[in-house]
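Chain by chain, the residues:
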Amino acid sequence: MNDRDIAHIPAALDAIRRDTDAMGFTMASEPQTGSLLRTLAASKPAGRFLELGTGTGVGTAWLLAGMDAASRLDSVDRDGAVSAVAQRHLGDDPRVTFHVSDGAEFLTRMASQRFDFMYADTWPGKFTHLDLALSLLRPGGIYFVDDLLPQPSWPEEHAPKVPGLIARLDSQPGFVATRLAWASGLMILVRTEIRSAI
């Protein structure tokens, strides 16, 4: 079995990749990560999805490929230029709403909302505001994070923060977690309970 031989590539992905390469954006999700996103998204029929870090829409395309017709996705990025690529290629899909916004501010506005699946692919909801992000998941909700193995595109301040993030995710009360030293380095958490504030 070759896990890099990925079938059923989302239709928009080639065009998104071309535009991504043309603008020199290097932080797009890789195909293995995308394939797993699609499969996990399919486990949440009529689900409410949140993507923190739209980028150019590579991960967005994979999420949409797994979502059913009744599911809805909010995708957030503070960079309007990269988000514009995603909106150009995926904006006609009524299941997705794009937000050009700071991720931390968006999470704060969503504090009363609940999601079934969260893909954290930017600093807010990952290296910052993690507790807030996790609080937005329903029981059974999935938190998915990538880029936990060294990547050439990492900014200088990224690497020192990864071990602490992994430790925090491993020890989250009310969640079960699995590490995957695969693709760009992944962790998947599932919420098992809602803990009452003390």
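Data block above holds the structure.
Computed from a prediction, not measured in an experiment: that's the story for all the values here.

Focus on the sheet that holds strand 2 (residues 72-77)
- An order of 3-2-1-4-5-7-6 is seen for the seven strands of this open sheet, with the pairing classed as mixed. Of all strands in the sheet, those bounded by a partner on one side alone are strand 3 (96-100) and strand 6 (175-180). With direction set aside, neighbouring strand axes in the sheet form an average angle of 15 degrees.
- One ladder, built from six bridges, connects strand 6 with strand 7 (residues 186-191); its direction is antiparallel. Note that in strand 7 the partner of F175 across the bridge is R191.

Things to note about the packing of helix 1 (residues 13-22) against helix 3 (residues 58-66)
- At a minimum axis separation of 10 Å, helix 1 and helix 3 run at an interaxial angle of 170 degrees. On the basis of the axis angle, helix 1 is roughly antiparallel to helix 3. Of the residues in helix 3, those touching helix 1 at L13, I16, R17 and T20 are V58, A61 and W62.
- Counted by class, the contact of helix 1 with helix 3 contains five nonpolar, one polar and one charged residues.

Looking at the pairing of strand 5 (residues 137-145)
- Bridging between strand 4 (residues 115-120) and strand 5 involves five bridges; their strand directions are parallel. Residue pairing across strands places Y119 opposite F144, the latter belonging to strand 5.
- In terms of handedness, the path from strand 4 via helix 6 (residues 130-135) over to strand 5 forms a crossover that is right-handed.
- Pairing of strand 5 with strand 7 involves four bridges; the strand directions are antiparallel. The residue bridging V145 from the neighbouring strand is M187, located in strand 7.

Quick notes on the pattern of salt bridges
- One pass over the structure, following the stated rule, counts seven salt bridges.
- D93 is the partner of R95 in a salt bridge, and the nearest nitrogen-oxygen pair spans 2.7 Å.
- Overall, the relative accessible area of 14% leaves R95 in the buried class.
- The shortest N-O distance in the salt bridge between D170 and R179 comes to 2.4 Å.

Focus: the layout of surface pockets
- Of the pockets and cavities examined, the largest pocket occupies roughly 630 Å³.
- In terms of lining residues, the largest pocket is bounded by 32 residues, among which M27, D77, D121, T122 and W123 are the most central.
- When contributions to the lining of the largest pocket are tallied by element, the ones reaching two or more residues are strand 1 (48-52), helix 3 and strand 2.
- Classifying every residue of the lining of the largest pocket gives twelve nonpolar, twelve polar and eight charged.

As for the side chain of S35
- Within the secondary structure, S35 sits in helix 2 (residues 31-41).
- A relative accessible area of 18% means that S35 is categorised as buried.
- Contacts of S35, omitting those with residues within four sequence positions, involve I6 and W62.

Some points on helix 2
- Helix 2 sits mainly inside the fold: nine of its eleven residues count as buried.
- What helix 2 keeps buried is the set Q32, T33, G34, S35, L36, L37, R38, L40 and A41.
- Where helix 2 is buried, its residues contact strand 1, helix 3, strand 4, strand 5, strand 6 and strand 7.

Section: unusual backbone geometry
- Non-glycine residue H129 carries a positive phi angle of around 55 degrees.
- Along the polypeptide, H129 turns up in the loop between strand 4 and helix 6.
- Despite not being glycine, D147 has its phi angle at roughly 60 degrees, a positive value.
- Locating D147 in the fold gives a position in the loop between strand 5 and helix 7 (162-170).
- Classification of D147 as buried rests on a relative accessible area of 11%.

Definitions and cut-offs
Residues numbered from 1 in each chain as written. Predicted model: local features only at pLDDT ≥ 70, side-chain atom pairs only at ≥ 80, totals over all residues. Heavy atoms only, no water. Pairing = 2+ DSSP bridges. Helix = DSSP H or I, 4+ residues; strand = E, 2+ residues; numbered from the N terminus. Axes fitted to C-alpha atoms, helices over the stretch in contact; angles between N-to-C directions. Parallel < 35°, antiparallel > 145°, perpendicular 65-115°, else oblique. Contact = heavy atoms within 4.5 Å. Nonpolar A, V, L, I, M, F, W, Y, C, P; charged D, E, K, R; others polar. Right-handed = clockwise from strand over helix to strand, strands pointing away. Salt bridge = Lys/Arg side-chain N within 4 Å of Asp/Glu carboxyl O. Buried < 20%, exposed > 50% of the residue type's maximum accessible area, 1.4 Å probe, protein only. 1 Å grid on protein atoms, 1.4 Å probe; cavity = no way out; pocket = protein on both sides within 12 Å on 5 of 7 lines; lining within 4 Å. Points joined across faces, edges and corners; volume = space filled by probe spheres on them.

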